[in-house]
Amino acid sequence: VMESHQEITDDLYDELEEVLIMGDVGIPTAQRVIRDLKAKIENDKITSVPQVRETMKDIVSGIVWGGSYLSLRTKPSVILVIGVNGVGKTTTIGKLALRLKNQGRKVILGAADTFRAAAIEQLEVWAKRADVELIKHAEGADPASVVFDTIAAGKARSADVIIIDTAGRLHNKKNLMDELNKMRRVIDREFPEADVRCMLVLDATTGQNGLAQARAFKEVCEIGGIILTKLDGTAKGGIALAIRQELEVPVWYIGVGEGIDDLQPFNAKDFVEALF
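The model shown is predicted, which means the values in this text are computed figures rather than measured ones.

Reading the values: rules and limits
- Residues numbered from 1 in each chain as written.
- Predicted model: local features only at pLDDT ≥ 70, side-chain atom pairs only at ≥ 80, totals over all residues.
- Heavy atoms only, no water.
- Helix = DSSP H or I, 4+ residues; strand = E, 2+ residues; numbered from the N terminus.
- Rg over C-alpha atoms; globule rule 2.2 N^0.38 Å.
- Buried < 20%, exposed > 50% of the residue type's maximum accessible area, 1.4 Å probe, protein only.
- Contact = heavy atoms within 4.5 Å.
- Areas by Shrake-Rupley, 256 points an atom, 1.4 Å probe, with all protein chains shown as cover.
- Lys, Arg positive; Asp, Glu negative; His and termini not counted.
- Charge placed at Lys NZ, Arg CZ, Asp CG, Glu CD.
- Core = buried A, V, L, I, M, F, W, Y, C linked by side-chain atoms within 4.5 Å.
- Patch = residues over 30% accessible without salt bridge, like charges linked within 9 Å, V, L, I, M, F, W, Y side chains within 5 Å.
- Salt bridge = Lys/Arg side-chain N within 4 Å of Asp/Glu carboxyl O.
- Polar contact = N/O pair within 3.5 Å; in protein donor to acceptor, adjacent residues only side chain to side chain.
- Pairing = 2+ DSSP bridges.
- Axes fitted to C-alpha atoms, helices over the stretch in contact; angles between N-to-C directions.
- Parallel < 35°, antiparallel > 145°, perpendicular 65-115°, else oblique.
- Left-handed = near helix turned anticlockwise from the far one by under 90°.
- Nonpolar A, V, L, I, M, F, W, Y, C, P; charged D, E, K, R; others polar.

### Describing the overall build of the protein
Inference 1: When helices and strands are counted, the protein shows 10 helices and eight strands.
Inference 2: Against the globule reference of 19 Å for 276 residues, the protein gives a C-alpha radius of gyration of 21 Å, in line with a compact fold.
Inference 3: Sorting the 276 residues of the protein into buried and exposed places 53% on the buried side.
Inference 4: Within the protein, residue pairs in contact and separated by at least 24 positions form 77% of the contacts whose partners lie at least 6 positions apart.
Inference 5: Carbon and sulfur atoms make up 48% of the accessible area of the protein, which totals about 12,600 Å².
Inference 6: Across the protein, the 35 positively charged side chains and the 41 negatively charged ones have centroids separated by 7 Å.

### Some details on the nonpolar core
Note on soluble globular proteins: their nonpolar side chains tend to be buried together.
Inference 1: Counting residues in each nonpolar core, the largest one holds 90 residues, and the members touching the most others are L37, V78, I79, L109, I163, I226 and L228.
Inference 2: Here I79 is in contact with L70, L72, L96, V161, I162, I163, I164, R197 and M199, once residues within four sequence places are set aside.

### Quick look at a negative patch on the surface
Inference 1: A contiguous patch of negative charge on the surface is contributed by D10, D11, D14, E15 and E18.
Inference 2: Structurally, D11 can be placed in helix α1 (residues 10-22).

### What about the environment of Q122?
Inference 1: Of note, Q122 is situated in helix α5 (residues 117-130).
Inference 2: The exposure class assigned to Q122 is partly exposed, which follows from its relative accessible area of 31%.
Inference 3: Sequence separation between Q122 and T91 is 31 residues; the distance between their C-alpha atoms is 7.6 Å.
Inference 4: When sequence neighbours within four positions are dropped, the list of residues in contact with Q122 reads T90 and T91.
Inference 5: At 3.2 Å, the side chain of Q122 forms a polar contact with the side chain of T91.

### As for the sheet that holds strand β8 (residues 263-265)
Hydrogen bonds between backbone groups are what pair the strands of a sheet, and the pairing can be parallel or antiparallel.
Inference 1: Ordered by their spatial adjacency, eight strands build an open sheet running β3-β2-β4-β1-β5-β6-β7-β8, and the pairing between neighbours is mixed. In the strand order of this sheet, the two ends are held by β3 (133-135) and β8, each with one partner. Neighbouring strand axes in the sheet, compared pairwise and without regard to direction, differ in orientation by 25° on average.
Inference 2: Relative to the sheet, helix α8 (residues 208-220) contacts β1 (77-82) and β5 (196-203), its axis offset from that of β5 by approximately 155°.

### Focus: the pairing of β1
Inference 1: For β1, the tally of buried residues reaches six of six residues, placing the bulk of the element in the interior.
Inference 2: By the alternation rule, side chains of β1 split into S77, I79 and V81 and V78, L80 and I82, which are all buried.
Inference 3: As paired strands, β1 and strand β4 (residues 161-165) are joined by five bridges and run parallel to one another. Paired with I79 across the two strands is I163, which belongs to β4.

### Comments concerning the pairing of β4
Inference 1: Most of β4 is tucked away, with five of its five residues classed as buried.
Inference 2: One ladder, built from five bridges, connects strand β2 (residues 107-111) with β4; its direction is parallel. Looking at the pairing, A111 lines up with D165 of β4.

### Some points on the packing of helix α6 (residues 143-156) against helix α7 (residues 173-190)
Inference 1: The N-to-C vectors of α6 and α7 enclose an angle of 30°; their axes lie 9 Å apart at closest approach. Considering their axes alone, α6 and α7 lie roughly parallel with respect to each other. Here the hand of the crossing between α6 and α7 comes out right-handed. Residue-level inspection shows P143, A144, V147, F148, I151 and K155 of α6 in contact with α7, the latter providing E179, K182, M183, V186, I187, R189 and E190.
Inference 2: Considering only residue class, the contact of α6 with α7 consists of eight nonpolar, no polar and five charged.

Written as structure tokens, this is what we have:
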């Protein structure tokens, strides 16, 4: 975009806005970025086109940066992982478990997505890979009872982090809400002092649809942070910016591939470089 412009004009701003929208930032966020950019350029009396690019990067970094790391304050802390089926939720839990374990934390997993037999089996495979303990019941069991047993195991074995996989049925919001509330009540009753985080897993390739999912889940529970999966070379990561701006939820991690080590902490600077 920048190369074709010698001076700062409305055309340049229009093209920049288009770049943002093409990158899945979404129209409201793109408009906000351009508004802030114009104000800053006027304010700082910027006249060179290359400086416009740097200024824009700074603005975008500023939006996505806030709270973009996962801090766990209690031992054990509890992470409830939510997200629709097919976004890579169970795989992401396995990778996160390994990552935390490699940082020296003791992790216990709870297979509370009891509606899909495949989810329990898949989590079992990842638990073995990451060499962490898994608490599971039979398919169709009450998810809250899995949570109860996982909390008990986590306390008994002095785990640092308890990660719980949950069912990803968003088309029936009432059931999902009831289920999450029930799990939450079990945690609050059995372990009132725990630091509990809801972590939402989103597929970056779904773009604005991911934003709609995030909105719907936000009605169901307070989302602490997001993991964006499938962020390979083709995925448009602007969705991270839209989520931060429109939902005020930080992105904690990004999944960039299939390997066990392909879950990385979200870095706003790298993200902005990739976006432009």
